[in-house]
Amino acid sequence: MTIDAPYRETAIPIDQLDWLRPLGRRVPSTSLSAESVPIEVVEIIRGWDPRSLVESVPPVYPTSAVDAVDFIRDLLMISRSAVLDALRISEKSFHNWARYGHRPRPSSTGALWPMTEALYRLANGHPNLGSWFQSDQAAQEAFHVADVNALALAELTWAVRTYAPVVRVAPDFDLNLDAVADVPARRRAQVTSSIAPTATRRRR
Amino acid sequence: MNELTSTDIDEFDTPLGGIDGLSRLRLERTYMEAAVAEVRFLPTNESESLPEDIAIAVWKGLGQTRFPLFERHSMSNFSLMVTPNGADSSVRAQHGWILATADRRSSITLLPAMVVVQTSNYERFSTSLGQPLMDALRLFAEETGASMIQRIGLRYINRLQDPLASSPLFWNDHVRPAFAGPLLGTLAPLVEGLHQQVQLRLAPTAAARVQSGVFREQGGEERYSFLVDLDVFREEALPFDGVLCANLTRQLNRTALALFCQMLSDQYLAELGPVEISEVEA
């Protein structure tokens, strides 16, 4: 029996490639960065076609001392020598690691790995670690004396200041909403708990 | 004369694909979530990073006070290749720089072979996308030596919201039948969400991808919005020329607006507050 197929098989590979080429070609998208677009819109577009969104590349944890120095340099947008100075690593040691592949002795890496660890974690939670570092005096002072704790504390201070906790206003479903506008704000009930009041509590 | 090299304003004001549309129009009552203009160049070398000194030169040219934020930026490109032996995908990272306004609502991304202008503060094409893109392209080409364009694209994300849209059915009167799909059929009362993707060939080297659909807004109140993701682009190798590039981008903008108008009913379009704009304003 002959099947009337929509395509014919061929023994010539190049024909097969030509036939497949349209299948392998995906319509490219104009780059849309998720930053500055409302999250609910981003989620819809991501659900429609995740590849039509530009996603930032998360930092990769360095695996060698040389990479770690450059990792810190790139994150904080400072020079390599500034990193070496702050972390008490001699130029000669770094030169030996980078040029001759010498294995770093623990005593010669200074505060390199604790700082790398801290910055890696901070970078994963901070929208823009480099710009923050460039504008934060306390962070720069902490880094220059290789004080990891003080650096993390400076970032925490910034985060608390930037993302201030939202004060929840207790909902009252029996209240006339038009009347609420006339009630001075200081007289409205405020709760700081994240647990919503139950109906039983409201009736009391 | 090659039609693409003409600088005749009228010619590039005509939407591609013979689409009817109101090409000189601004809609007062829509909210543009994002507008993007992108130009991809033929890479001048194999580097996956744009050197810092080049980015700084472009930044200084554009105005450091206008874009006070200057940051590193990495972007991953996903590529998929289907062969007789199967599909092969890869992710390739490109490293560049991003210049942004203080509120981060407008930005210019510089990558080794790409310039992207994005804003969520769209006012009109010329001031929000057209001129910033042309300024950045001129400086980028001067500094990098990039001379061949491969792709020009415009993308608009528009969210149509209405306080009366308590059901997806609200939109079947406001969206034209071609984009309303199941909202017009027997299943319409059951529709909870809708997503449609249409690819259009507008010219031998120009195309559009239109994604649209209804979705439920987050929050307690039951409300449904209509989202339009409009991507209009030209893929063609062209020598970089500032005037030509400006004209081609403007033509894509006219086409995008014409396409957008094709999606909505005449009545709803009138409700969105169309305002005729002059050539200077456009």
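**Student:** For the overall build of chain A, give the residues involved together with the corresponding values.
**Tutor:** Along its length, chain A carries 11 helices and two strands. Going from N to C terminus, chain A has its helices and strands arranged as α-α-α-α-α-α-α-α-α-β-α-β-α. Buried residues in chain A amount to 33% of all 204 residues. Across chain A, the fraction of contacts at a sequence separation of at least 24, relative to all contacts at a separation of at least 6, is 52%. About 13800 Å² of surface is accessible on chain A, with carbon and sulfur atoms providing 55% of the total.

**Student:** Give a detailed account of the overall build of chain B, specifying residues and quantitative values.
**Tutor:** The number of helices and strands found in chain B is six helices and 11 strands. Every one of the 282 residues in chain B was classed for burial, and the buried ones make up 52%. In chain B, the share of contacts with a sequence separation of at least 24, taken over all contacts with a separation of at least 6, comes to 69%. Within the structure as shown, chain B displays about 12800 Å² of accessible surface, and the carbon and sulfur contribution to it stands at 51%.

**Student:** I'd like a rundown of the pairing of strand 9 (residues 206-216) of chain B, residues and numbers included.
**Tutor:** Residue and element names in this part refer to chain B. When you tally the buried positions in strand 9, you get 10 out of 11 residues, the bulk of the element. Sheet topology note: the strand 8 (residues 196-203)/strand 9 ladder contains seven bridges and is antiparallel. Residue pairing across strands places A203 opposite A206, the latter belonging to strand 9. Where strand 8 folds back on strand 9, the antiparallel hairpin that results is connected by two residues. Here 11 bridges tie strand 9 to strand 10 (residues 224-239), and the two strands are oriented antiparallel to one another. From the neighbouring strand, A208 faces strand 10, where its bridge partner is V232.

**Student:** So, the pairing of strand 6 (residues 114-119) of chain B: which residues are in play, and what are the values?
**Tutor:** Residues and elements named next belong to chain B. With six of six residues buried, strand 6 is to be regarded as a mostly interior element. Residues M114, V116 and Q118 line one face of strand 6 and the alternating positions V115, V117 and T119 line the opposite face, and both faces are buried. Of the strand pairs in this sheet, strand 2 (residues 31-41) and strand 6 are connected by six bridges, and their pairing is antiparallel. Looking at strand 6, one finds that A35 is bridged to T119. As paired elements, strand 5 (residues 106-111) and strand 6 share six bridges and run antiparallel to each other. Looking at the pairing, S107 lines up with Q118 of strand 6. Connecting the antiparallel pair strand 5 and strand 6 is a turn made up of two residues.

**Student:** Pulling in residues and values, what's your account of the pattern of salt bridges?
**Tutor:** Taken as a whole, this structure holds 18 salt bridges over all chains when the rule is applied. In this structure, R73 of chain A engages D74 of chain A in a salt bridge whose closest nitrogen and oxygen atoms are separated by 3.2 Å. Under the relative-accessibility criterion, R73 of chain A is labelled partly exposed at 23%. The partner of R138 of chain B in a salt bridge is E142 of chain B, and the shortest N-O contact between them spans 3.8 Å. Of this pair, R138 of chain B and E142 of chain B both sit in helix 3 (residues 125-144), separated by four residues, roughly a single helical turn. Connected through shared salt-bridge partners, E40 of chain A together with E33, R159 and E217 of chain B make up one network.

**Student:** Lay out the nonpolar core in plain terms, naming residues and giving numbers.
**Tutor:** In this structure, F41, I108, L110, V115 and W171 of chain B are the most contacted members of the largest nonpolar core, which totals 74 residues. The biggest single contributor to this core is helix 5 (residues 242-263) of chain B, with 11 residues. For F41 of chain B, the residues in contact, after removing those within four places along its chain, are A113, V115, L137, F140, A146, M148, I149, Q150 and F240 of chain B. The next biggest cluster of nonpolar side chains, apart from the first, holds 33 residues, and it includes A65, I72, A111 and A159 of chain A.

**Student:** Outline the packing of aromatic side chains, supporting the account with residue identities and numerical values.
**Tutor:** For the coordinates displayed, the defined rule picks out 13 aromatic pairs over all chains. Grouping aromatic residues by their ring pairs yields a cluster made of Y61, F71, W113 and Y120 of chain A. Stacked on the ring of F233 of chain B, the Lys or Arg R151 of chain B has its end atom at 4.4 Å from the ring centre.

**Student:** Describe the environment of R151 of chain B, naming the residues involved and giving the relevant values.
**Tutor:** Counting through the fold element by element, R151 of chain B comes out in strand 7 (residues 148-160). Classification of R151 of chain B by relative accessible area gives buried; the value is 2%. For R151 of chain B, the residues in contact, after removing those within four places along its chain, are P28, S29 and T30 of chain A together with E38, V39, R40, D231, F233, R234, E235 and E236 of chain B. In this structure the side chain of R151 of chain B is engaged in a polar contact, spanning 3.1 Å, whose partner is the side chain of E38 of chain B.

**Student:** Describe the side chain of S31 of chain A, naming the residues involved and giving the relevant values.
**Tutor:** Structurally, S31 of chain A is set in the loop between helix 1 (13-24) and helix 2 (39-48). With a relative accessible area of 7%, S31 of chain A lands in the buried category. Engagement of the side chain of S31 of chain A in a polar contact is seen with the side chain of E38 of chain B, the distance being 2.4 Å. In this structure S31 of chain A touches V54 of chain A together with V36, E38, R40, M75, M114, V116 and Q118 of chain B, once residues within four positions along its chain are discounted.

**Student:** Could you give an account of the confidence of the model for chain B, with specific residues and numbers?
**Tutor:** All names here are of chain B. The predicted model of chain B averages 84 in pLDDT, with 87% of residues at 70 or higher. Note that pLDDT drops below 50 for residues 1-8; the model gives that stretch 16 contacts with residues more than four away or on any other chain. Predicted complex metrics record ipTM = 0.84 and pTM = 0.67.

**Student:** Explain unusual backbone geometry to me, using residue names and the numbers behind them.
**Tutor:** The phi angle at A146 of chain A is positive, at roughly 55°, despite the residue not being glycine. By the element assignment, A146 of chain A lies in the loop between helix 8 (137-144) and helix 9 (148-162). At R104 of chain B, a residue that is not glycine, the phi angle is positive and equals roughly 65°. Assignment of secondary structure puts R104 of chain B in the loop between strand 4 (86-100) and strand 5.

**Student:** Account for the packing of helix 3 of chain B against helix 5 of chain B, naming residues and giving values.
**Tutor:** In a packed pair of helices, the relevant descriptors are the angle between the two axes and the axis-to-axis distance. Residues and elements named next belong to chain B. Helix 5 packs onto helix 3 with a crossing angle of 150° between their chain directions and a minimal axis gap of 10 Å. Here helix 3 is positioned roughly antiparallel relative to helix 5, judged by the angle of their axes. The two elements helix 3 and helix 5 cross, and the hand of that crossing is right-handed. Together, F125, L133, M134 and L137 of helix 3 and G242, C245, A246, T249, R250 and N253 of helix 5 make up the contact between the two elements. Here the contact of helix 3 with helix 5 is built from residues that sort into six nonpolar, three polar and one charged.

Thresholds, definitions, all that
Residues numbered from 1 in each chain as written. Chains lettered and ligands numbered in written order. Predicted model: local features only at pLDDT ≥ 70, side-chain atom pairs only at ≥ 80, totals over all residues. Heavy atoms only, no water. Helix = DSSP H or I, 4+ residues; strand = E, 2+ residues; numbered from the N terminus. Buried < 20%, exposed > 50% of the residue type's maximum accessible area, 1.4 Å probe, protein only. Contact = heavy atoms within 4.5 Å. Areas by Shrake-Rupley, 256 points an atom, 1.4 Å probe, with all protein chains shown as cover. Pairing = 2+ DSSP bridges. Salt bridge = Lys/Arg side-chain N within 4 Å of Asp/Glu carboxyl O. Core = buried A, V, L, I, M, F, W, Y, C linked by side-chain atoms within 4.5 Å. Phe/Tyr/Trp six-rings, centres within 6.5 Å; stacked < 30°, edge-to-face > 60°. Lys NZ or Arg CZ within 6 Å of the ring centre and 35° of its normal. Polar contact = N/O pair within 3.5 Å; in protein donor to acceptor, adjacent residues only side chain to side chain. pLDDT = per-residue confidence, 0-100. Axes fitted to C-alpha atoms, helices over the stretch in contact; angles between N-to-C directions. Parallel < 35°, antiparallel > 145°, perpendicular 65-115°, else oblique. Left-handed = near helix turned anticlockwise from the far one by under 90°. Nonpolar A, V, L, I, M, F, W, Y, C, P; charged D, E, K, R; others polar.

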